Amino acid sequence: PRSADGYPVIGPAASRECLWLAGGHYRDGILWGPLTGTWIAEGILTGAFPTEAGPFGVRRFLARG
């Protein structure tokens, strides 16, 4: 599936603790897969989501209202 803005949704969910999202890659899933997996694993294992992954978080949709 494709996200509303065309970019993947990667990172912790805004409303649920311990829920991580990795979707919305559309046709580029095969290209985004390794990086997405790395970011999700790092976030889960360290508890800190990588800064460079911030723009792909679900919170970007919450900011729009």
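Just so it is clear, the structure is predicted and the values come from calculations on it, not from any experiment.

Q: Looking at this structure, how should I read the overall build of the protein chain?
A: Looking only at helices and strands, the protein chain features 2 helices and 2 strands. Helices and strands appear in the protein chain in the N-to-C order β-β-α-α. The C-alpha radius of gyration computed for the protein chain amounts to 11 Å, which stays within 12% of the reference 11 Å derived for 65 residues, consistent with globular compactness. Relative to its full complement of 65 residues, the protein chain shows a buried share of 28%. Restricting the contact set of the protein chain to residue pairs at least 6 apart, pairs at least 24 apart contribute 49%. Carbon and sulfur atoms provide 59% of the accessible area of the protein chain, an area that totals close to 4,600 Å². Positive and negative side-chain charges of the protein chain, numbering 6 and 5 respectively, have mean locations separated by a distance of 10 Å.

Q: What should I look at first to understand the side chain of Arg-60 in this one?
A: Within the secondary structure, Arg-60 is located in helix 2 (residues 59-63). There is a polar contact of 3.1 Å between the side chain of Arg-60 and the backbone oxygen of Pro-8. A distance of 3.3 Å separates the side chain of Arg-60 from the backbone oxygen of Gly-57, its partner in a polar contact. Sequence-distant contacts of Arg-60, defined by excluding residues within four places in its chain, comprise Ser-3, Asp-5, Tyr-7, Pro-8, Val-9 and Pro-55.

Q: What's the story with the packing of aromatic side chains in this structure? I'm lost.
A: What characterises a pair of aromatic rings is the spacing of the ring centres plus the angle enclosed by the ring planes. Taken as a whole and judged by the stated rule, the model has 4 aromatic pairs. Feature note: the residues Tyr-7, Trp-32, Trp-39 and Phe-56 constitute an aromatic cluster, connected by ring pairs.

Q: Just checking my understanding: could you explain the environment of Gly-11 for this structure?
A: For Gly-11, the location among the structural elements is in strand 1 (residues 9-12). Once the C-alpha coordinates of Gly-11 and Gly-43 are considered, the two residues, 32 residues apart in sequence, prove to be 7.7 Å apart. In this structure, Gly-11 is in contact with Leu-19, Trp-20, Leu-21, Ile-40 and Phe-49, ignoring residues within four places of it in sequence.

Reading the values: rules and limits
- Residues numbered from 1 in each chain as written.
- Predicted model: local features only at pLDDT ≥ 70, side-chain atom pairs only at ≥ 80, totals over all residues.
- Heavy atoms only, no water.
- Helix = DSSP H or I, 4+ residues; strand = E, 2+ residues; numbered from the N terminus.
- Rg over C-alpha atoms; globule rule 2.2 N^0.38 Å.
- Buried < 20%, exposed > 50% of the residue type's maximum accessible area, 1.4 Å probe, protein only.
- Contact = heavy atoms within 4.5 Å.
- Areas by Shrake-Rupley, 256 points an atom, 1.4 Å probe, with all protein chains shown as cover.
- Lys, Arg positive; Asp, Glu negative; His and termini not counted.
- Charge placed at Lys NZ, Arg CZ, Asp CG, Glu CD.
- Polar contact = N/O pair within 3.5 Å; in protein donor to acceptor, adjacent residues only side chain to side chain.
- Phe/Tyr/Trp six-rings, centres within 6.5 Å; stacked < 30°, edge-to-face > 60°.

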